[in-house]
Amino acid sequence: MKKFDYQTLVDSQKALQQRSIFWDPAIYEEELKQIFNRCWLFLGHETQLPQPGDFIRTYMGEDDVIVVRGKDKVIRAFLNACTHRGNKVCQAEGGNTRSFTCSYHGWSYNTEGDLAGVPLEKEIYDNLDRASLGLVPVPRLESYKGLLFGCFSEDAPSLLDYLGDITWYIDVVTDSAKGGLEVVGTPYRTEIPGNWKLPVENAIGDGYHVAWAHAGAMSVLGAIGNGRSDNVLGISANNTGVDQAGAIEVVMNTHTVLTTLDGQSGYALYDHPDPVLEHIEKNRPQAIEKLGALRGKQLYGSETHIGVFPNLQIIQGLNFIRIIHPKGPGKFEVWTYGMCEREMPEETKGIIQNHVRQTFGPAGLLEGDDGDFVESITHSAAGYATRQMKGFLGMGMGRKVPWDGPGEASPGLVNEACQRGFYDQWRRAMEAADAHGIIGEATPVALREVRHG
Ligand code: FES
Ligand SMILES: [Fe+2]
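Residues numbered from 1 in each chain as written. Chains lettered and ligands numbered in written order. Predicted model: local features only at pLDDT ≥ 70, side-chain atom pairs only at ≥ 80, totals over all residues. Heavy atoms only, no water.

A look at the environment of Ala81
Quick reminder of the rule: Counting from the N terminus, the helices are DSSP H or I runs at least four residues long and the strands are E runs at least two residues long. Residue burial is assigned from relative accessible area. The probe radius is 1.4 Å, only protein chains are included, and a residue is buried under 20% of its type maximum, exposed over 50%, and partly exposed in between. In this analysis, two residues are considered to be in contact whenever any of their non-hydrogen atoms come within 4.5 Å of each other.
Relative to the helices and strands, Ala81 is located in the loop between β6 (75-79) and β7 (94-96). By relative accessible area, Ala81 is classed as partly exposed at 27%. Sequence separation of Ala81 and Cys102 is 21 residues, and the distance between their C-alpha atoms is 8.8 Å. Not counting the four nearest positions on each side in its chain, Ala81 is found in contact with Gly86, Asn87, Val89 and Leu135.

Laid out in structure tokens, this is it:
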């Protein structure tokens, strides 16, 4: 029996969300079980692990996980917990190693997860069954064009089925350039006292808040920048009108996309966008050849927010991959990885990394603004009466535009279609009896191929 009436918590017909979903610890516990223990979760990018022994640490839900390339070059993921008495076997955020040695009693594990060494083993154990005491593996690990995902559910659909139609959009980021995608540096990490769903709904498609929430930051970026930021997303502190022309929000099975579709506006906030824009224009013919005119001309270079349920955002134009790690109902960590094309000159990569730090690093001009709002929203739900209120995401309901890509498109950047899509998906995942029930109906592959080549 379901523990909660999810149709009441998220009312799709009226676009209402009960505010308790941002506060109630019992709902959060269900999220860990129904969502984070069954969905495919982003672990990192293969370019972070080029050599045998390279490893990174990350989280799947609240589970601390080591991702490591073994001596056999295979990438595996393990729970970061010693099978002796549970201490974390790895404290470093990443690096290269031959083994993971637990600092409590000294058990050590090789990069394939086997228990390789036990201090005083012969003296203190009789026939210790080492084979059954290796690190606990994350049972599913798959890569989509270098993007690594793990899943705790043995029965979940394949990663490709889980991603479904969103791959058509992800391919713009992974396939437009010959050398593919590269993650630069280590992720910026910021801890914020808010509920994990709020930064997700913000990043996947909230064009409405930009002119207001970021008014101060926009004037600073406009003053130090190149002038384009006066018109970022068509809205700014100086221009609170909205140019919705061309942009769309797309909701598909499970995931969402917001995109400007103009091929260049993602770089509006850069101080020195020219090297990046020049690189994009130089590469555009190849993108068109590889992905066709619609994606090569309109999506490549646009500001595009790809929202992969539950907690991953790949944001082209702002050039980062972002993952929201929940830390209890009222706290999360946001990890922001700079991303660029592997073939870009080092100097251009440096410009991108600087920009990511300047905007969405821990002291970034935009990150701080958004953090304040999600904290405020979360903590207002501490009040019992306030928690009975409903949030309203009814903007643009029923407005549709024709669109030749996968998914159902709504017009404009200022719309709440992506957020509605996210909460509908949240409800589907919370209600699903098994991991297959989590994903929605994809456009059948055959139909997709006919439509998009
Ligand atoms: S907890 Fe790791 S060796 Fe004891
Ligand atoms: Fe924001």
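Following the structure, the description resumes.
Considering the coordination of the iron ion (ligand 2)
Filter applied, for reference: We call an atom a donor if it is N, O or S and sits within 2.8 Å of the metal, or 3.2 Å for Na, K and Ca. Water is not counted, so some sites may look partial. A four-donor site is classed as tetrahedral when every donor-metal-donor angle falls between 85 and 135 degrees; four donors are called square planar, and six octahedral, when trans pairs exceed 155 degrees and all remaining angles lie between 65 and 115, with any other arrangement labelled irregular.
Of the protein atoms, only His209 (NE2), His214 (NE2), Asp370 (OD) and Asp370 (OD) coordinate the iron ion (ligand 2), at distances of 2.0 to 2.3 Å. Coordination geometry of the iron ion (ligand 2): the four donor atoms subtend angles of 58 to 139 degrees at the metal centre, consistent with an arrangement described as irregular.

Points about helix α5 (residues 167-175)
The buried fraction of α5 amounts to nine of the nine residues, a majority that puts the element mostly inside the structure. Three or more residues of α5 are buried, namely Thr167, Trp168, Tyr169, Ile170, Asp171, Val172, Val173, Thr174 and Asp175.

Overview of the sheet that holds strand β4 (residues 54-60)
The line we're drawing: The rule for pairing is simple: two strands pair if DSSP sees at least two bridges between them. Each axis is a line fitted through C-alpha atoms, and for a helix only the stretch in contact is used; angles between axes span 0 to 180 degrees, taken between their N-to-C directions.
If you trace the four strands from one edge of the open sheet to the other, you get β6-β5-β4-β7, paired in antiparallel fashion. In this open sheet, the two strands that pair with only one neighbour each are β6 and β7. For this sheet, the mean inter-axis angle between neighbouring strands, taken without regard to orientation, is 25 degrees. Of the pairings in the sheet, the one linking β4 to strand β5 (residues 63-69) comprises six bridges and is antiparallel in character. In the strand pairing of β5, Tyr59 is matched with Asp64.

Concerning the nonpolar core
Let me state the cut-off plainly: Buried Ala, Val, Leu, Ile, Met, Phe, Trp, Tyr and Cys residues that are joined via side-chain atoms within 4.5 Å together make up what is termed a nonpolar core. What counts as a domain boundary in this text is fixed by an automatic or database domain assignment.
Ranked by internal contacts, the top residues of the largest apolar core, which has 107 residues, are Trp196, Ile321 and Trp426. Lining this core are residues from two domains, each supplying at least three of them: domain 1 (42-143) and domain 2 (165-452). Apart from the residues lying within four places of it in its own chain, the contact partners of Trp196 are Tyr28, Glu31, Ile35, Phe36, Pro310, Ile324, Pro326, Phe332, Phe422 and Trp426. Membership of the second largest hydrophobic core comes to 16 residues, among which are Ile66, Tyr109, Leu115 and Leu135.

Quick look at the domain arrangement of the protein chain
Going by this rule: Buried area is understood as the total, over both parts, of accessible area removed when two parts are fitted together, assessed with a 1.4 Å probe. What makes a salt bridge here is a side-chain nitrogen of Lys or Arg within 4 Å of a carboxyl oxygen of Asp or Glu, nothing more.
Considered domain by domain, the protein chain is made up of domain 1 (42-143) and domain 2 (165-452). For domain 1 versus domain 2, the separation of C-alpha centres amounts to 33 Å. Contacts between domain 1 and domain 2 engage 11 residues on the former and 14 residues on the latter. Taken over both partners, the interface formed by domain 1 and domain 2 buries close to 1,100 Å², and the fraction arising from carbon and sulfur atoms is 60%. Per-residue buried area on domain 1 facing domain 2 is highest for Phe42, Thr47 and Tyr59; these three make up 46% of the total on that side. Linking domain 1 with domain 2 are one salt bridge, by the criterion used here. Here Arg189 ties to Glu93 by a salt bridge, and the two come within 2.9 Å at their closest N and O atoms.

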